[in-house]
Amino acid sequence: MALHFEPEEFAARRDRLMMVMAEQKLDAILLFAQESMYWLTGYDTFGFCFFQCLVVKADGSNVLLTRSADLRQARQTSNIENIIVWADRDNANPAADLRELLNDLDLLGRRIGIEYQTHGLTAANGRKLDEQLTAFGQLVDISGVVDKLRLLKSPAEVVYSRKAAELSDEALAAALKLIKAGADEGAILAAMQSAIFSGGGDYPANEFIIGSGEDALLCRYKAGRRRLTKNDQLTLEWAGVYRHYHAPMMRTVLTGKASKRHQELYEAAHEALLAVEAAMTPASTFGDVFEAHSKVMEAHELTRHRLNACGYSVGARFTPSWMDMPMFYSGNPERIQPDMTLFAHMIIMDSDTNTAMTLGRTYLTTNGDAEPLSRQPLDLIVK
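Scoring rules and cut-offs
- Residues numbered from 1 in each chain as written.
- Predicted model: local features only at pLDDT ≥ 70, side-chain atom pairs only at ≥ 80, totals over all residues.
- Heavy atoms only, no water.
- Helix = DSSP H or I, 4+ residues; strand = E, 2+ residues; numbered from the N terminus.
- Buried < 20%, exposed > 50% of the residue type's maximum accessible area, 1.4 Å probe, protein only.
- Contact = heavy atoms within 4.5 Å.
- UniProt positions renumbered as here; feature names shortened; annotations may be inferred.
- Domains from an automatic or database assignment.
- Buried area = accessible area lost by both parts, 1.4 Å probe.
- Salt bridge = Lys/Arg side-chain N within 4 Å of Asp/Glu carboxyl O.
- Polar contact = N/O pair within 3.5 Å; in protein donor to acceptor, adjacent residues only side chain to side chain.
- Nonpolar A, V, L, I, M, F, W, Y, C, P; charged D, E, K, R; others polar.
- Expected span 1.5 Å × (residues − 1).
- Arc of directions from axis to C-beta.
- Pairing = 2+ DSSP bridges.
- Axes fitted to C-alpha atoms, helices over the stretch in contact; angles between N-to-C directions.

### A word on the side chain of S36
Relative to the assigned elements, S36 resides in helix α2 (residues 34–41). For S36, a relative accessible area of 0% corresponds to the buried category. In this structure, S36 is in contact with L31, E115 and V146, ignoring residues within four places of it in sequence.

### Quick notes on the UniProt feature "domain: Peptidase M24" (unreviewed entry) in the chain
Feature annotation in UniProt places "domain: Peptidase M24" (unreviewed entry) on residues 162–350, given in this structure's numbering. Structurally, residues 162–350 is divided into 33% helix and 24% strand, and its ends, taken at the C-alpha atoms, are 33 Å apart.

### Some points on the domain arrangement of the chain
Taken domain by domain, the chain consists of domain 1 (7–150) and domain 2 (152–382). Listed per partner, the contact involves 13 residues of domain 1 and 15 residues of domain 2. Counting the surface lost from both domain 1 and domain 2, the interface buries some 1,200 Å², and carbon and sulfur atoms represent 43% of this. A per-residue breakdown of the area domain 1 buries against domain 2 is headed by E35, Y38 and R150, which together make up 45% of the total. Linking domain 1 to domain 2 there are 4 salt bridges. Among the salt bridges present, the one from E334 reaches K148, with a minimum N-O distance of 3.0 Å. On inspection of domain 1 and its partner domain 2, the count reaches 8 residue pairs in polar contact (both at pLDDT 80 or more). Breaking the side of domain 1 that touches domain 2 down by element, the ones donating at least two residues are α1 (7–23), α2 and α6 (145–151). Per element, the largest residue contribution to the side of domain 1 that touches domain 2 is 4 residues, and it comes from α2. Each residue belonging to the side of domain 1 that touches domain 2 can be placed in one class, and the counts come to 4 nonpolar, 3 polar and 6 charged.

### Here we look at α1
Turn by turn, an α-helix covers 3.6 residues, leaving residues three or four places apart pointing in a common direction. The terminal C-alpha atoms of α1, which comprises 17 residues, lie 25 Å apart, in line with the 24 Å expected from a rise of 1.5 Å per residue. Among all positions of α1, only E9, F10, R13, L17, V20 and M21 are buried. Each buried residue of α1 lies within a common arc of 115° when the element is viewed along its axis, so the set occupies one face. Residues of α1 that are exposed and angled more than 90 degrees away from the buried face: P7, E8, M19, A22 and E23. Just downstream of α1, K25 is the residue with a positive phi angle, here 55°.

### Brief notes about the sheet that holds strand β2 (residues 53–57)
Spatial strand order, β4-β3-β2-β1-β5-β6: 6 strands in an open sheet with mixed pairing. At either margin of the open sheet sits one strand with a lone partner, and together these are β4 (83–85) and β6 (138–141). Averaged over all neighbouring strand pairs, the angle between strand axes comes to 20°, with direction disregarded. Bridge analysis of strand β5 (residues 111–114) against β6 gives 4 bridges, and the strand direction is parallel. Residue pairing for β6: I112 is matched across the bridge by L139. Each of β1 (28–31), β2, β3 (62–66), β4 and β5 touches helix α4 (residues 94–104); the most contacted strand, β3, lies at about 160° to it.

### Brief notes about the UniProt feature "domain: Creatinase N-terminal" (unreviewed entry) in the chain
The feature "domain: Creatinase N-terminal" (unreviewed entry), as given by UniProt, occupies residues 13–151 in the numbering adopted here. A distance of 12 Å separates the end C-alpha atoms of residues 13–151, which is 40% helix and 18% strand.

### Section: the pairing of β2
Counted residue by residue, β2 has 4 buried out of 5 residues, so it is predominantly covered. Here β1 runs beside β2; their pairing, made up of 4 bridges, is antiparallel. When the sheet's bridge partners are listed, L30 is paired in β2 with V55. Relative to β3, β2 is paired through 4 bridges, and the arrangement is antiparallel. Looking at the pairing, V56 lines up with N62 of β3.

Spelled out as structure tokens, the structure:
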């Protein structure tokens, strides 16, 4: 099996989940989030775009219901021993197959938790699931339960996060070798991804963000490449990825010379990131971290040019996004705890002057000050 953690690690995770299930008096849970399955068993696939479910009973035993294409995938990448295949066929209803499986597991009439809040369970499949199970047992929405367990990283997970951060640093170094007037965005993107792959890394859970000129003000990937001009701005958001663990970074790199507005926005972004870093301690909540960011932006009269969130938890994630919960936004009561890996991003997009500035990196929280996982400096980069 291609497992990335020791059996003792998986056993500890199972035991933590069983404790939560006992507290909530759950006889079984139905996991649909790929992140949950990977965390609990090592199961590694993108087959969650189809209907699949990991049934976990209160005694810690589990059964995977999936398609034939993922049978060997589960055997090779996970510690799951009991795998049931539902057949692709005209008018197939795998939710009905799941009901039969639950009946065979003696779960009729029991209290069953379901992960609804996940890309692994579409609205259409969720409706089919409810149609099959509403009268089957007592259904409880347990969305976020495993996410909360995943939030605190084990020593082994921290090792992978540090490796991901090293790859993120290498990706920036590769990009900076190419960034100049006339450089092709496609070549820059290829160099960054090559640095990660050649370092033993993986695909990210979402596309890297790369945009120059007007597109430097975008916070999402878009198709289409261009060449940089003499005085240009290039926004990059990327993540080193190792064993699916992500360590994102963000920079806006300039060519030629920095304009006065670029310099003003950089100073605000730098000050805000340091304020966020200082607030990222067990004495604070995620909302407090956001307030540290927003106060700096307000002092620089940039409130309308900032975003309504300034970062989030990161870890082992799958398509379509490397963003994890919780996020840094106003009023979030979730407390900062040691052993979290958190990405803080300062994003300022001034549409009035068509000026972009970003600055971000990933941190490991401790009992005291947060530790930046990147070795790259926070200087304004002008090529």
